[in-house]
Amino acid sequence: MIKPNSSDCMHQVILCTCPDKSSALSIANALVDERLAACVNIQESITSIYQWQGERQQDQEVLLIIKSRRDRFTALEKRITAMHPYDVAEIIAMDIQQGNEEYLNWIDSTVTKQ
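Residues numbered from 1 in each chain as written. Predicted model: local features only at pLDDT ≥ 70, side-chain atom pairs only at ≥ 80, totals over all residues. Heavy atoms only, no water.

**Remarks on the sheet that holds strand β4 (residues 92-95)**
Here is the rule: Strands qualify as paired when DSSP identifies two bridges or more between them. Every helix listed is a DSSP run of H or I at least four residues long, and every strand listed is a run of E at least two residues long, numbered separately from the N terminus. Think of each axis as a best-fit line through the C-alpha atoms, taken over the contacting stretch in the case of a helix, with angles from 0 to 180 degrees between the N-to-C directions.
Within the open sheet, the 4 strands sit side by side as β2-β3-β1-β4. Their pairing is antiparallel. Here the strands that pair on one side only, and so sit at the sheet edges, are β2 (39-52) and β4. Each neighbouring strand pair of the sheet contributes to a mean axis angle of 30 degrees, computed without reference to strand direction. Judged from the 8 bridges that link them, strand β1 (residues 11-18) and strand β3 (residues 55-69) form a sheet pairing that is antiparallel. Its bridge partner being in β3, Q12 is matched across the sheet by S68.

If you want it as structure tokens, here you go:
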């Protein structure tokens, strides 16, 4: 395992919820095709409970688990926002502190440089 601080780039996992599988697939395909993400996992049928406009909401959503690099986050966020049907899209990035070196290298080779 390596730590991102010892390499030239920082890797991230980005979470994004979508209202349905169709929008999730569209976003996932665009991110991979445009090489903003190396991989996007799609987790169907999650239950989200949240506050929106002063009221508690409960919805079935689809979760995107996106693997990319920190230096591509701004472009990735803009692309998701442009495609996303929600007024406010959930786009949350978490730095990968440790990981399989071969997997992290694969992310580097798959995602285009900024």
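**Things to note about the pattern of salt bridges**
To be explicit about the condition: Whenever a carboxyl oxygen of Asp or Glu lies within 4 Å of a side-chain nitrogen of Lys or Arg, that contact is scored as a salt bridge. To sort residues, take the accessible area from a 1.4 Å probe on protein chains only and compare it with the maximum for the residue type: under 20% means buried, over 50% means exposed, and anything in between is partly exposed.
Going through the model one piece at a time under the given rule, you end up with 4 salt bridges. For K21, the salt bridge goes to E44, with nearest N and O atoms at 3.2 Å. With a gap of 23 residues between them, K21 in helix α1 (residues 21-33) and E44 in strand β2 connect regions that are remote in the sequence. Owing to a relative accessible area of 38%, K21 belongs among the partly exposed residues under this scheme. For E44, a relative accessible area of 41% gives the class partly exposed. The salt bridge involving R69 is made with D71; its shortest N-O contact spans 3.0 Å. Of the residues examined, R69 reaches a relative accessible area of 1% and is grouped as buried. Classification of D71 as partly exposed rests on a relative accessible area of 30%.

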